[in-house]
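# Residue-level structural notes
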Amino acid sequence: MPELPEIEVLRRSLAPRLLGRTIIGLEVTNPALREPVDVEGLAAVVRNRRITGLGRRGKYLLIDLEGDDSIVVHLGMSGRLTLAGSQVPKEKHEHLAFHLDGGERLRFSDARRFGLVLALPTATLFEDSHFAHLGPEPLAGGLTGEVLAAATERRRGPVKNFLMDGRVVVGVGNIYACEALHRAGIHPKRSVARIAPRRWDALAQAVCSTLEDAIAQGGTTLNDFVDGEGNSGYFQTVLEVYDREGEACSRCGKSIRRIVQSGRSTFYCGGCQR
DNA sequence: CGGGCGGCCTGGAGGC
DNA sequence: TGCCTCCAGGCCGCCC
């Protein structure tokens, strides 16, 4: 569920609360995440280190520490990264927490445990296997029709699967792929080999505007997502197609359909997406 | 080689 | 009301 907008909202909510703070210790309750947490290694890296920056690459949150190390956090499907006071009891699925100077803790909770927490040297972060293959950032002006069209030389198949491939562009998951295709008026099953240059421009613009609008609405909260302060997002109230099977399309009035592509639900309007 | 799909995981929803 | 099954999907790895 958390895609690029949710991680960006999380980053912006945490930055003013974390910058300049010092991590005084790590507490791991359950290291069994998607990749097992290296408890000793992570503890050694973060202890008594000051937080100097909050970054993001795709769906990864990056917490930079003084002295050239970064904490990498991925929320998976159901992860939460929230600040809590020392008196706040542990959440049910609170798997680890960074204890901060001043008594608060930055806690990582994740019911489904698809998430990830690790530490890497900042200077060579993007050479790590988690990042090395990732495509351009859509919001830094890195996504144009030309970029998408060029990526079709490496990636074929239906355009919806193409948009969700992190090698093509980062940060677009199932919800925003469906929404962007609706904005661009493109059918999710259309082969990327059969999309004209002008439509690639429209799609690149649709991806960017969808992500930007979602950030402005605090992200999409369907089940789990909250920002660093525990606030839900509102973009789910303005989704045009996702999880709206049977409802009328706001643009053409035809009924929204649900199909399955690569085992994932796809929602689209059969009237205005061609 | 590249695309599709299963597996990981658990809460919530829906059916009986 | 309670139990069972199924579904949600980011990402990796396996398979065709």
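Keep in mind that this is a model prediction, so the values were computed, not measured.

### Considering the protein's contact with DNA strand C
Taken together, 15 residues are adjacent to DNA strand C, and H74, F114, Y242, R264 and S265 come closest. Put simply, 58% of the atoms of DNA strand C that lie within 4 Å of the protein are in sugar or phosphate. H74 is positioned with one of its side-chain polar atoms (N or O) 2.4 Å from a phosphate oxygen of DNA strand C. Contact distances for DNA strand C include 2.8 Å between a phosphate oxygen and a side-chain N or O atom of S265. Broken down by class, the residue content of the surface near DNA strand C amounts to five nonpolar, four polar and six charged.

### Considering the environment of K92
Assignment of secondary structure puts K92 in the loop between β5 (79-84) and β6 (94-100). Taking the C-alpha atoms as reference points, K92 and D110, 18 residues apart in sequence, are found 9.0 Å from one another.

### Comments concerning the pairing of β6
Buried residues dominate β6, accounting for six of its seven residues. Bridge count between strand β1 (residues 22-28) and β6: five bridges; the pairing is antiparallel. Within the sheet, the bridge partner assigned to I23 lies in β6 and is L100. Following β6, the chain reverses through four residues before pairing antiparallel with strand β7 (residues 105-110); G102 in that reversal takes a positive phi of roughly 95°.

Here is what the cut-offs are and how they apply
Just so you know, the residues in each chain are numbered from 1, in the order the chain's sequence is written. Chains and ligands are labelled by the order in which they are written, letters from A for the one and numbers from 1 for the other. In view of the model being predicted, local features appear only for residues whose pLDDT reaches at least 70, and side-chain atom pairs are presented and counted only at 80 or more, with totals across whole chains, interfaces and linings using the full set of residues. Just so you know, side-chain values use all the structure's heavy atoms and leave hydrogens and water out. Residues are classed as near a molecule or strand on a simple rule: at least one heavy atom within 4 Å of it. Any pair of nitrogen or oxygen atoms within 3.5 Å is treated as a polar contact; in protein, a donor-acceptor pairing is required on top of that, and neighbouring residues in sequence qualify only through side-chain atoms on both sides. Gly falls in the polar group here, along with every residue not listed as nonpolar (Ala, Val, Leu, Ile, Met, Phe, Trp, Tyr, Cys, Pro) or charged (Asp, Glu, Lys, Arg). The helix count covers DSSP runs of H or I at least four residues long, the strand count covers runs of E at least two residues long, and both are numbered beginning at the N terminus. We call a residue buried when its accessible area falls under 20% of the maximum for its residue type, exposed when it is over 50%, and partly exposed in between, using a 1.4 Å probe and counting protein chains only. DSSP bridges decide pairing: two strands pair if at least two such bridges lie between them.

All quantities given are derived from atomic positions and should not be read as evidence of function.
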